[in-house]
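# Commentary on secondary and tertiary structure
The lines below spell out each chain.
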Amino acid sequence: MRHLYIHVPFCVRRCSYCDFSIAVRKRVPANEYVAAVVRELESLAPGPEPLETVYLGGGTPSLLPPEAIHALLRERLALFCVPTSAFPVEITLEANPEDVTPANAQAWRAAGVNRISLGAQSFDDRVLRWMHRSHDALRIGAAVRVLRDARIDNISLDLIFALPAELNRDWDVDLDRVLSLLPSHVSLYGLTVEERTPLARWISRGAVRPTDDERYAEEYLVAHERLTAEGYHFYEASNAARDARRSRHNSAYWSGRPYVGVGPAAHSFDGRTRRWNRSAWEAYRRAIAEGRSPVESAEVLTDEQRELERAYLALRTSEGLPLAAVDRLRPPLAAWETAGWVVVRDGRVTCTPEGWLRLDALVATLTGRRAIA
Ligand code: SF4
């Protein structure tokens, strides 16, 4: 177990576009939650190797009281974490700006958190209200300052693009605001319309229109260009870092390394088998309390599925796909190069930003070719 994901399912309300498996709670049942996750952790045999990364994602992990985060990281995970100064454990906490107070930030730091992924999404208060976010734009800059004061300077900001045209969101202004805060990392999320969300209902009654592909591509390419010009490196299609501060945890996913997930809806992968936990908090809690496995299901990947998955993940990253794999998968490489979707350099195929925009279609071509072969 080198990479551990801990899913914290609680949110104070549901954002207008979100279909994640969350539990909306005014008061987070922190003690019950920690007890359940610790029981699940105890049922997993720790490997001989120390943890390299821990990621508390959600949901809204920053809603957990700092004592609960401390209990999880310092008291329980200490069993697995053997950090060395040469290669310290990366411990990321996803936080919403309104939860970043000086006291919380200090407590997170004391618990070992050294990276924060901050759900900024936009710097336009009107847009934030439309998204049903609980923070306003001023809170984002304030949160970044508070985190730096607490000696957490590895900060990632999440931004959503491709919002409906009716909102008149100024994407350039949002990018200006992000760049002015000099985060070490930026994650971009293109808005997608998921069933059973407020956004899907607004669209079905004609209140807003979904964003067209052209604007989606335009905003992505503008962000890519502007962030790159400011020294950020897109090491993955939607993730850019400066000063080599990539997310080591997410990089493990993209390089196909095994990981363990605990908590409701968490996924685990051992290199061949993927399993996932019950997604509803109550079902997860009950299974653990009754001494049953929280695992809902699992799938064993065939060799072919693993090869295609590795290709897909590799093409998402700036490292790209080795030509040896390309020989087996037989993509129409010359056509992709001519179209400007990939470049072939140093024995590897990497996507251009235009290629990343159509990554699913490129990989579908690979899948189709395997089916014919
Ligand atoms: S804070 Fe995140 S997980 Fe919670 S409702 Fe909003 S988008 Fe979903």
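Bear in mind the structure is a predicted one, so any value in this text is a computation, not a measurement.

The full set of residues close to the ligand is C11, R13, R14, C15, Y17, C18, F20, I22, G59, T60, N96 and R133. Its residues assigned to classes, the shell around the ligand comprises six nonpolar, three polar and three charged.

So, about the packing of helix α2 (residues 66-76) against helix α3 (residues 102-111). Running from N to C, α2 and α3 cross one another at 10°; their axes reach a closest spacing of 9 Å. Comparing the axis directions of α2 and α3 gives the class roughly parallel. Touching P66, I69, H70, L73 and R74 of α2 are N104, A107, W108, A110 and A111, all from α3.

Put simply, side chains in a regular strand alternate between the two faces of the sheet. Summarising the sheet, strand β12 (residues 267-269) and strand β13 (residues 273-277) pair through three bridges and their orientation is antiparallel. Along β13, the bridge assignment pairs S268 with R275. Taken together, β12 and the strand that follows it, β13, pair antiparallel across an intervening segment of three residues, in which G271 is found at a positive phi of about 105°. In this structure, β13 lies alongside strand β14 (residues 295-300), joined through five bridges in antiparallel fashion. Note on β14: the bridge partner recorded for R274 is E299.

L4, I6 and Y33 are the most contacted members of the largest nonpolar core, which totals 88 residues. Residue contributions to this core peak at seven residues, all from helix α1 (residues 30-42). Dropping the residues within four chain positions of it, Y33 is found in contact with I6, H7, V8, P9, F10, L64, L72, P264 and W281. One finds Y17, C18, L167 and L199 within the second-largest nonpolar core, a separate group that totals 13 residues.

A few words on the sheet that holds strand β16 (residues 342-345). The strand order across the open sheet formed by three strands is β15-β17-β16, and the pairing between neighbours is antiparallel. The sheet is open, and its two edges are formed by β15 (321-322) and β16, each paired on a single side. Sheet topology note: the β15/strand β17 (residues 348-351) ladder contains two bridges and is antiparallel. When the bridges of β17 are listed, P322 appears paired with R348.

Each value, and the rule that gives it
- Residues numbered from 1 in each chain as written.
- Predicted model: local features only at pLDDT ≥ 70, side-chain atom pairs only at ≥ 80, totals over all residues.
- Heavy atoms only, no water.
- Near = heavy atom within 4 Å.
- Nonpolar A, V, L, I, M, F, W, Y, C, P; charged D, E, K, R; others polar.
- Axes fitted to C-alpha atoms, helices over the stretch in contact; angles between N-to-C directions.
- Helix = DSSP H or I, 4+ residues; strand = E, 2+ residues; numbered from the N terminus.
- Parallel < 35°, antiparallel > 145°, perpendicular 65-115°, else oblique.
- Contact = heavy atoms within 4.5 Å.
- Pairing = 2+ DSSP bridges.
- Core = buried A, V, L, I, M, F, W, Y, C linked by side-chain atoms within 4.5 Å.
- Buried < 20%, exposed > 50% of the residue type's maximum accessible area, 1.4 Å probe, protein only.

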